Amino acid sequence: MEQYDIVIIGGGPAGLAAAIGAKEEGIDNIIILERENCLGGILGQCIHNGFGLHTFKEELTGPEYADRYIQKVIDLKIPYKLNTMVLNMDSDKNITAVNELDGSLEIKAKAVILAMGCRERPRGAINIPGSRCAGIYTAGVAQKYVNIDGYMPGKEVVILGSGDIGLIMARRMTLEGAKVRAVVELMPYSGGLKRNIVQCLDDFGIPLLLSHTITNIYGKDRLEGVMIAKVDENLLPIKESEEYIPCDTLLLSVGLIPENELSGKANVQLSSVTGGPEVNESFQTNVDGIFACGNVLHVHDLVDFVSEESLSAGKSAAKYVKGQMYENRIEIMAESGVRYTVPKYVNLDIIDKNLNIRFRVGNVYRDNYVSIYFDEERVIHLRKRILTPGEMETVKLSNALLKQHPACKRVTVKVEGE
């Protein structure tokens, strides 16, 4: 059995940053396990720009952003194994993995960092009726076909869901000569960033149909068209509003699911809201010595925030290996329009700098306030012109503020009108 101080499962942006964080804290006995044939994760197929504005103060493409971290991992001589699939992990941090070169691997870790990322929700998860014809893809699969393999999925396109990857693929398909008929969104608001709505839809005259859904799919061998309809306040289709749109391609951008099958095998407590682990301020899960970061924890809108969180997770795992223990003292409650928070638990005594609380809201709020309560005392009251579910929010609590409330028993995050 191979033994490591820290094993990082996943070599995407989260795993790379976590490895760098652990190495910078003085841990050398590290291994990254990546199931693909190269490091970098999904960024390799994200050839559009917009990455790195927070981290590097410049605009990079996905591959350029990933390469910055890959080169640093190489420079720091952090070992990694590619084409390596992790099959099992238990709560004692025993890992079983396989690859072509080593065969079966049995690994014992002092600490594990989960950085497996997320996957797209498929057609089967949303129960669209109609035939099972060719021409229906998730947006990420279509992105890989176009950007990596050089294939066009089709020429007449409808996109269901307005998540960021769906918006980006609307622009990408248009630039490659396809006609994007519409982006159809069930909710009365978009699930993507405002900048992507403007740059990917508005700039190309692509209609965004809010409060709409697809009610049927037509085509025998190949997709021929879809029926769309408006939905009522209960998100049920309004029959009288149905409209047929001819198309040969349907792209699905209907949500991302954190890859937490391994987490479940190790008895990691998962959030019913995000589908990712519940962690404390040090990104440790309920299982001692198992940490989580990146999109396996919760789905981010910017990779810069993935890197920031994961760097901290790597440093925390390194401190754990050195003997620091993390005790969950206080639960952070999400109430009044806030869907969840990361972290879920916090020990105010061990925070030596600032505490970032990241969260998403469950609706669109205009001219409201984000409030932070320590017990019954409101300590932060930030006015926000607009809050949307598609954009992750961050509130920074300073160390000085935390020290003013040593006896705090509960932290609450709310959206308030005044």
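Everything numeric in this text was worked out from a predicted model, so none of it was measured. (Residues numbered from 1 in each chain as written. Predicted model: local features only at pLDDT ≥ 70, side-chain atom pairs only at ≥ 80, totals over all residues. Heavy atoms only, no water.)

### What to know about the overall build of the protein
Definition in use: Numbering goes from the N terminus for both helices and strands, where a helix is a DSSP run of H or I of at least four residues and a strand is a run of E of at least two. For this measure, only C-alpha atoms enter the radius of gyration; the expected value for a globule follows 2.2 Å times N^0.38, where N is the number of residues. Throughout, exposure labels follow a simple rule: accessible area from a 1.4 Å probe, protein chains only, divided by the maximum for the residue type, with under 20% read as buried, over 50% as exposed, and the rest as partly exposed. Any two residues whose heavy atoms approach within 4.5 Å are treated as being in contact.
Assigned secondary structure in the protein consists of 8 helices and 25 strands. Here the protein has a C-alpha radius of gyration of 22 Å; the compact-globule value for 418 residues is 22 Å, and the two agree. Its C-alpha atoms put the protein at 65 × 60 × 40 Å along the principal axes. Taken over 418 residues, the protein has a buried fraction of 53%. Partitioning the contacts of the protein with sequence separation of at least 6, the portion at a separation of at least 24 is 63%.

### Considerations on the pattern of salt bridges
The condition is simple: Definition used for salt bridges: Asp or Glu carboxyl oxygen within 4 Å of a side-chain nitrogen of Lys or Arg.
Tallied over the full model, the rule gives 21 salt bridges. Residues Lys 315 and Glu 24 are paired through a salt bridge, measuring 3.3 Å at the closest nitrogen-oxygen approach. With Lys 315 in helix H7 (residues 303-321) and Glu 24 in helix H1 (residues 13-24), this residue pair connects regions lying 291 residues apart in the sequence. Between Glu 25 and Lys 315 there is a salt bridge; the shortest N-O distance is 3.9 Å.

### As for H1
Let me state the cut-off plainly: What a helix is expected to span follows from its residue count: subtract one and scale by 1.5 Å.
Taking 1.5 Å of rise per residue, the 12 residues of H1 would be expected to cover 16 Å, and the 17 Å separating its terminal C-alpha atoms lies within 8% of that figure. Along H1, 11 of the 12 residues are buried, which leaves the element largely enclosed by surrounding structure. When H1 is considered as a whole, its buried residues turn out to be Pro 13, Ala 14, Gly 15, Leu 16, Ala 17, Ala 18, Ala 19, Ile 20, Gly 21, Ala 22 and Lys 23. The secondary structure elements touched by the buried residues of H1 are strand E1 (2-9), strand E2 (30-33), helix H2 (62-75), strand E6 (103-114) and H7.

### Looking at the packing of H1 against H2
Which entries qualify depends on this criterion: Simply put, an axis is a line fit to the C-alpha atoms, just over the touching stretch for a helix, and the angle between two N-to-C directions goes from 0 to 180 degrees. The hand of a helix crossing depends on one turn: near helix anticlockwise from the far one by less than a right angle means left-handed, and clockwise means right-handed. Classification convention: Asp, Glu, Lys, Arg as charged; Ala, Val, Leu, Ile, Met, Phe, Trp, Tyr, Cys, Pro as nonpolar; all other residues, Gly among them, as polar.
Between H1 and H2, whose axes approach to 10 Å, the crossing angle comes to 35 degrees. For the element pair H1 and H2, the recorded crossing hand is left-handed. Residues Leu 16, Ala 17, Ile 20 and Glu 24 of H1 form the contact with H2, whose participating residues are Ala 66, Tyr 69, Ile 70, Lys 72 and Val 73. Taken together, the residues of the contact of H1 with H2 sort by class into 7 nonpolar, no polar and 2 charged.

### Some thoughts on the sheet that holds strand E20 (residues 345-346)
This is how it is decided: In this analysis, strands are considered paired if DSSP registers two or more bridges between them.
Here 5 strands make up an open sheet; going across it, the order is E20-E18-E25-E22-E23 and the pairing mixed. Single-partner strands in this sheet number two, and they are E20 and strand E23 (377-387). Pairing between strand E22 (residues 365-374) and E23: 9 bridges, direction antiparallel. The residue bridging Phe 374 from the neighbouring strand is Glu 377, located in E23.

### Focus on the side chain of Thr 84
Definition in use: Definition of a polar contact: a pair of N or O atoms within 3.5 Å, with one able to donate and the other able to accept a hydrogen when the atoms are protein atoms, and with sequence-neighbouring residues admitted only if both atoms are side-chain atoms.
By the element assignment, Thr 84 lies in the loop between strand E3 (80-81) and strand E4 (85-89). Taking relative accessible area as the criterion, Thr 84 reaches 1% and is therefore assigned buried. Side chain to side chain, Thr 84 and Asn 99 meet in a polar contact 3.0 Å long. Aside from chain neighbours lying at most four places away, what touches Thr 84 is Leu 33, Glu 34, Arg 35, Ala 97, Val 98, Asn 99 and Leu 105.

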